[in-house]
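Analysis of the macromolecular model
Listed here are the chains, written in short residue letters.
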Amino acid sequence: LLPFAAAAQAPVQPLRIGVLVMEPGEVFFERFGHIAILVQDRAAGTSTSYNYGFFDPEEAGFVGNFVRGRMMYYLIPLPLSDDLAQYRDEGRGVTVQWLDLSPAQAQSMAHDLEVNALPQNRRYRYDYYLDNCSTRVRDMLDRALGGALKPQLAGRSRETTPIALRRIPSAVERSSPMTGSCPL
């Protein structure tokens, strides 16, 4: 009985942070999948998805900016159920990877996400390789870890030169049934 009593008394951390990974979709801009950050606040009973993948197709010059790779994207905080409904409706699976952060790291990350989601901070110039949903999640995690992630990733790949990066989309297009069907 004693181990059960001790486990029952272990404090539950109020904030839990996870990485949401969305499977690739059918539309050309969904081919690489997607990633977002989940903040579960057990004290408040909320789960918020911080999603860096929003853009406005009604924005002036959208098509030209898309073709030139000059897109403006947004960080939008959504109730998790709303964000998951979109992917469910598209037939895209979503998994969560819970992060083993200290309470202070989780609090720091949640705070930084709230600040980053403010109207004056939420827009960013999307770059297909250097500033996107994945790099934003990576950088947010690195900040919460006090910069410990960046040195571990430095120099790990020789395939990050501009020429090597340009090969990635063509490799995906060759393997995709959607090749050549982009309605531009």
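Description of the structure in this document. None of these values were measured; they are calculated from a predicted model. (Residues numbered from 1 in each chain as written. Predicted model: local features only at pLDDT ≥ 70, side-chain atom pairs only at ≥ 80, totals over all residues. Heavy atoms only, no water.)

Attention now goes to the environment of Gly61. Examined against the element boundaries, Gly61 turns out to sit in the loop between strand E3 (46–54) and helix H2 (62–68). Note on Gly61: relative accessible area 47%, which makes it partly exposed. Along the primary structure Gly61 and Met71 are separated by 10 residues, whereas in three dimensions their C-alpha atoms are 9.7 Å apart. (Helix = DSSP H or I, 4+ residues; strand = E, 2+ residues; numbered from the N terminus. Buried < 20%, exposed > 50% of the residue type's maximum accessible area, 1.4 Å probe, protein only.)

Let us now look at helix H4 (residues 103–116). Here H4 contains 14 residues, and its C-alpha end-to-end distance of 20 Å stays within 8% of the 20 Å for a straight helix at 1.5 Å per residue. Within H4 the residues assigned to the buried category are Ala106, Met109, Ala110, Asp112, Leu113 and Asn116. For H4, the angular spread of buried residues about the axis comes to 165°, placing them on one side. In the core, the buried residues of H4 are packed alongside strand E1 (15–22), strand E2 (34–41), E3, strand E4 (72–79) and helix H5 (133–144). (Expected span 1.5 Å × (residues − 1). Arc of directions from axis to C-beta. Contact = heavy atoms within 4.5 Å.)

Here we take up the packing of H4 against H5. For the pair H4 and H5, the least separation of the axes is 9 Å and the interaxial angle reads 135°. Considered as vectors, H4 and H5 are oriented oblique to each other. Here the hand of the crossing between H4 and H5 comes out right-handed. Judged by residue contacts, Gln105, Ser108, Met109, Asp112, Leu113 and Asn116 of H4 engage Arg136, Met140, Leu141, Arg143 and Ala144 from H5. (Axes fitted to C-alpha atoms, helices over the stretch in contact; angles between N-to-C directions. Parallel < 35°, antiparallel > 145°, perpendicular 65-115°, else oblique. Left-handed = near helix turned anticlockwise from the far one by under 90°.)

Moving on, we get to the side chain of Asp83. Residue placement: Asp83 occurs in helix H3 (residues 80–89). The side chain of Asp83 sits in the buried core without any salt bridge; Arg92 is the nearest counter-charge, 8.9 Å away. At 3.1 Å, the side chain of Asp83 forms a polar contact with the side chain of Asn51. Excluding residues that lie within four positions of it along the chain, Asp83 makes contacts with Met22, Ser49, Asn51 and Leu78. (Lys, Arg positive; Asp, Glu negative; His and termini not counted. Salt bridge = Lys/Arg side-chain N within 4 Å of Asp/Glu carboxyl O. Polar contact = N/O pair within 3.5 Å; in protein donor to acceptor, adjacent residues only side chain to side chain.)

Taken in spatial order, the six strands make up an open sheet running E5-E1-E2-E3-E4-E6, and their pairing is antiparallel. At either end of the open sheet lies a strand with only one pairing partner, and these are strand E5 (94–98) and strand E6 (123–125). Neighbour-to-neighbour, the strand axes of the sheet open up by a mean angle of 25°, direction not taken into account. Here E3 pairs with E4 via five bridges, running antiparallel. Within E4, the residue paired with Tyr50 across the bridge is Pro77. In the packing of H3 onto the sheet, the strands contacted are E1, E2, E3, E4 and E5, and the crossing angle to E3 comes to about 50°. (Pairing = 2+ DSSP bridges.)

Take the pairing of E1 next. Among the eight residues in E1, six count as buried, and that is most of the element. Where E1 meets E2, eight bridges bridge the pair, whose relative direction is antiparallel. The residue of E2 that forms the bridge with Leu15 is Asp41.

In this section: the packing of aromatic side chains. The relation between two aromatic rings is expressed through the spacing of the ring centres and the mutual angle of the planes. All chains considered together, the criterion is met by six aromatic pairs. Ring plane angle 20° and centroid distance 5.6 Å describe the contact between Phe55 and Phe62, whose orientation is recorded as stacked. On the basis of relative accessibility, which here comes to 22%, the residue Phe55 falls in the partly exposed class. Considering the side-chain rings of Tyr126 and Tyr128, the 5.4 Å spacing of their centres and the 85° angle between planes classify their relative orientation as edge-to-face. By relative accessible area, Tyr128 is classed as partly exposed at 41%. (Phe/Tyr/Trp six-rings, centres within 6.5 Å; stacked < 30°, edge-to-face > 60°.)

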